[in-house]
Amino acid sequence: MRKPYIAGNWKMNLTPSEGAKLAAELKDQLKGVDVKVMIAPSFVTLPAVVEAVKGSNIIVAAQNVSDKESGAYTGEVSCQMLKDLGVNDVIIGHSERRSYYGENDEWINRKVKYALSQGMNIDLCVGETLDERKGGHLKEVLSRQIKVGLSDVSAKDMERITIAYEPVWAIGTGMTATSDDADDAHAYIRGLIESLYGKTVAENTIIQYGGSVKASNAKELLARKNIDGALVGGASLSADKFVPIVKCALE
Ligand code: PEP
């Protein structure tokens, strides 16, 4: 049985004080709600948010991490630094990291392996661009992103990996994949995981959908067999929008 998992990626939004305020509202409004919830503030907002959610089950994650331990890597943040703050979860391979900052599948795989070696839990993002989908390359792209992204990751380590399927054309655009299209892509990803790790791992792997998720479409998406949660961008920036999405996972 896969427990629904709803995550909020705050991207480059919310200062530490704004983030602490939202985190406190979420802590209050999600008290007793039996859904796994994660929020991912910017690096500088992490300490304030970690403090604000203390005493709740809300997971605080980073939006990115270095594949290196330490050293002369200006602007980078290490797993050790995150763990020192009490942050044990990280989003890796978001399409904005891939497209704006040149992260390719090999680099993403190095981050995945290093973060796993440091005991972290990972939300690995995959998804096709509109051109790739229109060109009939959806399966090829997902297959490459999953196989290379998870290269040398063991079946045991898969317990600490969540996959987020995020069609790039649906992120921040207001366009959502239909629940049929999303479920088909999720089923394909689950099949890839089965081919790599076997049926039990595939059945236990949480696959979130991301791309303009809001309260009005979350219920239909989350009702689908292969959609186990959501990675939410824009609608995670206020409790009014995010809490109803989390509650859709209860139904
Ligand atoms: C995201 O950034 O992961 C995302 C899905 O954004 P949005 O919900 O705004 O489309």
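Refer to the preceding data block for the structure.
Residues numbered from 1 in each chain as written. Predicted model: local features only at pLDDT ≥ 70, side-chain atom pairs only at ≥ 80, totals over all residues. Heavy atoms only, no water.

**A short note on the site of the ligand**
Threshold: We call a residue near a given molecule or strand whenever any one of its heavy atoms falls within 4 Å of it. A 3.5 Å cut-off defines polar contacts: any pair of N or O atoms within that distance qualifies, except that in protein one atom must be a possible hydrogen donor and the other a possible acceptor, and neighbouring residues in sequence count only when both atoms are side-chain atoms. Here the open area of atoms and residues is found with the Shrake-Rupley method and a 1.4 Å probe, where only the protein chains shown may cover a residue. Under the scheme applied, nonpolar residues are Ala, Val, Leu, Ile, Met, Phe, Trp, Tyr, Cys and Pro; charged residues are Asp, Glu, Lys and Arg; polar residues are all the others, including Gly.
Around the ligand, a shell composed of 14 residues is seen, among which Lys11, Glu166, Gly172, Ser212 and Gly233 lie nearest. The separation between an oxygen atom of the ligand and a polar main-chain atom of Gly172 is 2.6 Å. Take Gly233: an N or O atom from its main chain is 2.8 Å from an oxygen atom of the ligand. Calculation on the ligand without its partners gives an accessible area of 290 Å², and the protein chains cover 95% of this total. Residue composition of the shell around the ligand, by class: 4 nonpolar, 8 polar and 2 charged.

**Here's the deal with the sheet that holds strand 4 (residues 89-92)**
In plain terms, the rule: For two strands to be treated as a pair, DSSP must find at least two bridges joining them. Each helix corresponds to a stretch of at least 4 residues labelled H or I by DSSP, and each strand to a stretch of at least 2 residues labelled E; elements are numbered beginning at the N terminus. In this description, a line fitted to the C-alpha atoms serves as the axis of each element, helices being fitted only across the stretch in contact, and the angle between N-to-C directions of two axes falls anywhere from 0 to 180 degrees.
A barrel is described by the order of its strands in space; here 8 strands give the closed sequence 1-2-3-4-5-6-7-8, paired in parallel fashion. Averaged over all neighbouring strand pairs, the angle between strand axes comes to 25°, with direction disregarded. Pairing analysis gives 2 bridges linking strand 3 (residues 59-62) to strand 4, with the strands arranged parallel. Bridge pairing links Ala62 to Val90 in strand 4.

**Some details on helix 11 (residues 239-248)**
The test is simple: Any residue under 20% of the maximum accessible area for its type is buried, any over 50% is exposed, and the rest in between are partly exposed; the area is computed with a 1.4 Å probe on protein chains only. Two residues qualify as a contact provided that any one of their heavy atoms is within 4.5 Å of a heavy atom in the partner residue.
All of the buried residues in helix 11 are Ala239, Phe242, Val243, Ile245, Val246 and Cys248. The elements touched by buried residues of helix 11 are strand 1 (5-9), helix 1 (16-29), strand 2 (36-40), helix 10 (215-222) and strand 8 (229-232).

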